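# Report on the structure
As a plain string of letters, each chain reads:
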Amino acid sequence: MLRTILIALFLGLAGCSPPTEQPAENPAQVTGLSDNAQAASRDKFTIVIAGDSWCPYNCLAESAREGYSIDVAREVFALAGYTIKYLNVSWARAIQLAREGHIDAVAVAFTGDAPDFVFPQEPIGLSRTHFYTNAASRWAYTGIASLQGQTLLAINGYFYSPELDAYIARNLNDQNRVWILSGPAPLNRAISLLDQHRADIYLEDELVMSWALQAQSDLPPPRDAGEVYQAPVFIAFSPANPDAAELARVLSDGTRAMRKSGQLGDIMASYGLPLFSVD
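Within each chain, residues carry numbers counting from 1 in the order of the written sequence. The predicted nature of this model means local features are confined to residues of pLDDT at least 70 and side-chain atom pairs, given and counted, to a pLDDT of 80 or more, with totals for whole chains, interfaces and linings taken over all residues. The side-chain figures draw on all heavy atoms in the structure; neither hydrogens nor water molecules are used.

## Quick notes on the overall build of the chain
Every helix listed is a DSSP run of H or I at least four residues long, and every strand listed is a run of E at least two residues long, numbered separately from the N terminus. Counting its regular elements, the chain contains nine helices and eight strands. Counting every position in the chain, which comprises 279 residues, the buried fraction comes to 52%. In this analysis, two residues are considered to be in contact whenever any of their non-hydrogen atoms come within 4.5 Å of each other. Pairs at least 24 residues apart make up 76% of the contacts formed inside the chain by residues separated by at least 6 positions. Here the Shrake-Rupley method, with its probe set to 1.4 Å, supplies the accessible areas, and only the displayed protein chains count as covering residues. Accessible surface for the chain amounts to roughly 12300 Å². Of this, 53% is attributable to carbon and sulfur atoms. Classification of residues uses two cut-offs on accessible area relative to the type maximum, computed with a 1.4 Å probe and protein chains only: under 20% is buried, over 50% is exposed, and between them is partly exposed.

Right, dumping it as structure tokens:
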């Protein structure tokens, strides 16, 4: 019963996302959970993972295709006697809930998203961040100076690169330069804003953008303005969980074993993806 109450509270949080567009100076608010609910979440053999939908890495919870990273986590932890509960909340909220110990892990994260979290040694993917513009634009990124005169769209709580994150932080209060998006479908909103020429450039993972355009034929394809950053991504564990290091070790060992056996490649192939390199 306590577990049922906990999940209901999480789903209630997911349904209370902030507006799709919010001023940069007003970050997403995180609703706290009761002490009883937090205690219920400490079921040693149930791992609660949360994140916004970032297909194909992690997708819609309880759908037929929850994302390849969630599929891998389920396989690995099932062998170790654990059950995975995967939930969707905004990314900023997922980070905060994990940091406060209300959930066990977030999917999926750069180390720059939450440096205080416990990261596996083995990544769950390799992300390539690209700039996108409207179809008619010929803008190209040649360094921070090339952002002059451009309105940049970014998602609340996301890590992009050390250089770009510093630029975003410096310009949070200037919506002519940086516009922070949040809510249930920020990628769709970003594509719409680019298409309407209400903003100029947007940062997104290459696979995520490709997946969204294939899944939603009504989205106007933006122009790919090129890659600006590449880094591994992980399922990252709450620093408030005393078992975080052990859970990270289990996931690392299991992911390596799945890579060696070919099972990791098979799962990724089921999403139409090649096996990423860890070299």
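## Some points on the pairing of strand β3 (residues 105–109)
Along β3, five of the five residues are buried, which leaves the element largely enclosed by surrounding structure. Two strands qualify as a pair provided that DSSP identifies no fewer than 2 bridges between them. The pairing of strand β1 (residues 46–51) with β3 spans two bridges and is parallel. Pairing of Ile 49 across the sheet is with Ala 105, part of β3. When β3 meets strand β8 (residues 223–237), the two strands line up antiparallel, connected through three bridges. Considered in β8, the bridge of Val 106 is made with Ala 236.

## Describing the packing of aromatic side chains
Two rings belonging to Phe, Tyr or Trp (six-membered ring only in the last case) form a pair when the distance between their centres is within 6.5 Å. Interplanar angles under 30 degrees mark stacking, angles over 60 mark edge-to-face geometry, and anything in between is tilted. A complete count under the given rule lists 16 aromatic pairs for this structure. Where Tyr 158 meets Tyr 160, the ring centres are 6.1 Å apart and the plane angle is 45°; that geometry is what we call tilted. Centre to centre, the rings of Phe 159 and Tyr 229 are 5.8 Å apart; their planes meet at 70°, and the pair counts as edge-to-face. Within this pair, whereas Phe 159 is found in the loop between β5 (152–155) and α5 (162–170), its partner Tyr 229 is found in strand β8, the two being separated by 70 residues in sequence.

## A word on the environment of Trp 54
Its place among the elements puts Trp 54 in the loop between β1 and α3 (68–79). Classification of Trp 54 by relative accessible area gives buried; the value is 8%. Placed 151 residues apart in sequence, Trp 54 and Asp 205 show a C-alpha to C-alpha distance of 9.1 Å. Setting aside anything within four residues of it in sequence, one finds Trp 54 in contact with Val 108, Phe 110, Ser 127, Tyr 158, Glu 204, Asp 205 and Val 208. In this structure the side chain of Trp 54 is engaged in a polar contact, spanning 3.1 Å, whose partner is the side chain of Glu 204. Any N or O atom pair separated by 3.5 Å or less is treated as a polar contact, with the protein-specific requirement of one donor-capable and one acceptor-capable atom, and with residues adjacent in sequence counted only for side-chain atom pairs.

## Describing the sheet that holds β1
Ordered in space as β2-β1-β3-β8-β4-β7-β5-β6, the eight strands form an open sheet in which the pairing is mixed. Looking at which strands have only one partner, the edges of the open sheet turn out to be β2 (83–88) and β6 (178–181). The average angle at which neighbouring strand axes cross in this sheet is 30°, direction not considered. Only the contacting stretch of a helix is used when fitting its axis, a line to C-alpha atoms as for every element, and angles between N-to-C directions run 0 to 180 degrees. With respect to the sheet, helix α8 (residues 244–261) is in contact with β1 and β8, its orientation differing from that of β8 by roughly 120°.

## Some points on unusual backbone geometry
The omega torsion of the bond from Cys 55 to Pro 56 falls at 10°, within 30 degrees of zero and hence cis. For Pro 56, the position within the fold is in the loop between β1 and α3. The omega angle of the peptide bond from Ala 107 to Val 108 is -20°, so this bond is cis rather than trans. For Val 108, the location among the structural elements is in strand β3. Although it is not a glycine, Glu 62 adopts a positive phi angle of roughly 65°.

## Observations concerning the packing of α3 against α8
Between α3 and α8, the least distance of the axes is 9 Å, while the angle of their chain directions is 105°. On the basis of their axis angle, the class for α3 and α8 is roughly perpendicular. On α8, the residues touching Val 72, Ala 73, Glu 75, Val 76 and Phe 77 of α3 are Leu 247, Val 250, Leu 251, Gly 254, Thr 255 and Met 258. In this classification, the charged set is Asp, Glu, Lys and Arg, the nonpolar set is Ala, Val, Leu, Ile, Met, Phe, Trp, Tyr, Cys and Pro, and all remaining amino acids, among them Gly, are polar. Per-class residue counts for the contact of α3 with α8 are eight nonpolar, two polar and one charged. In what follows, roughly perpendicular refers to angles from 65 to 115 degrees, roughly parallel to angles under 35, roughly antiparallel to angles over 145, and oblique to any angle outside these ranges.

## Topic: the pattern of salt bridges
Salt bridges, as used here, are contacts in which a Lys or Arg side-chain nitrogen is within 4 Å of a carboxyl oxygen on Asp or Glu. Counted under the stated rule, the structure contains 11 salt bridges. For Glu 62, the salt bridge identified is with Lys 85, shortest N-O distance 2.7 Å. In this pair, Glu 62 sits in the loop between β1 and α3 while Lys 85 sits in strand β2, placing the two residues 23 residues apart along the sequence. Residue Glu 62 is classed as exposed on the basis of its relative accessible area, which comes to 59%.

The analysis is restricted to geometry; functional conclusions fall outside its scope.
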